[in-house]
Amino acid sequence: MRARKDPDFCRFLLSIGNGTQQINNSGEVDIPASMNIPFVDDDSSLETLINEVFPSMESFSINPAAVVNRAILMTRNDFVYEINDRLIEKFPGKKKTYLSFD
């Protein structure tokens, strides 16, 4: 998603894919500071990530198409559920619960 609108990020990804990006002594690629959200603690770092990707839920209610080009990819479902719960809490308006039955 980000590669479409960020040429520096796109070049960085291509350099990794092409095997031309330098690696550290552990054989890992170092993420540039400009692309990294510093880790403080689990809660505040996750909140910073969410706010970077989804800065204003109110603006998405005005322009729903803007949310289509944003995503947070996670490695485990429990992380996905936690992020979804946090994002739902940020939705504007009053919370509603709908009951369903077969």
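Check the entry above for the structure.
Residues numbered from 1 in each chain as written. Predicted model: local features only at pLDDT ≥ 70, side-chain atom pairs only at ≥ 80, totals over all residues. Heavy atoms only, no water.

*Asks:* I keep staring at the environment of Phe39 and nothing clicks. Help me out?
*Replies:* Position of Phe39 among the secondary structure elements: in the loop between α2 (7–18) and α3 (42–53). Sequence separation of Phe39 and Ala71 is 32 residues, and the distance between their C-alpha atoms is 19 Å. (Helix = DSSP H or I, 4+ residues; strand = E, 2+ residues; numbered from the N terminus.)

*Asks:* What is the right way to read the nonpolar core from this model?
*Replies:* As a rule of thumb, nonpolar side chains are buried together in soluble globular proteins. In terms of nonpolar packing, the biggest core is built from 9 residues, these being Leu46, Ile50, Val53, Phe54, Met57, Phe60, Ile72, Ile83 and Leu87. Of all elements in the fold, only α3, α4 (57–62) and α5 (77–90) reach the threshold of two or more residues within this core. Here this core takes 3 residues from α3, the largest share from any one element. Discounting residues that sit within four places of it in the chain, Ile50 has contacts with Pro55, Ile72, Ile83, Arg86, Leu87 and Lys90. (Core = buried A, V, L, I, M, F, W, Y, C linked by side-chain atoms within 4.5 Å. Buried < 20%, exposed > 50% of the residue type's maximum accessible area, 1.4 Å probe, protein only. Contact = heavy atoms within 4.5 Å.)

*Asks:* Quick question: what am I supposed to make of the pattern of salt bridges here?
*Replies:* Opposite charge on two side chains allows them to pair when their charged atoms are near. Inspection of every chain in the model, using the stated rule, returns 7 salt bridges. Here Arg86 and Glu47 are joined by a salt bridge, their closest N and O atoms 3.1 Å apart. Separated by 39 residues along the polypeptide, Arg86 in helix α5 and Glu47 in helix α3 bring together distant segments of the chain. With a relative accessible area of 19%, Arg86 lands in the buried category. By relative accessible area, Glu47 is classed as partly exposed at 25%. One salt bridge connects Arg86 with Glu82, and the closest N-O pair in it is separated by 3.3 Å. In this pair, Arg86 and Glu82 are both assigned in helix α5, 4 residues apart and thus about one turn of the helix distant. (Salt bridge = Lys/Arg side-chain N within 4 Å of Asp/Glu carboxyl O.)

These results come straight from atomic positions and should not be treated as a statement about function.
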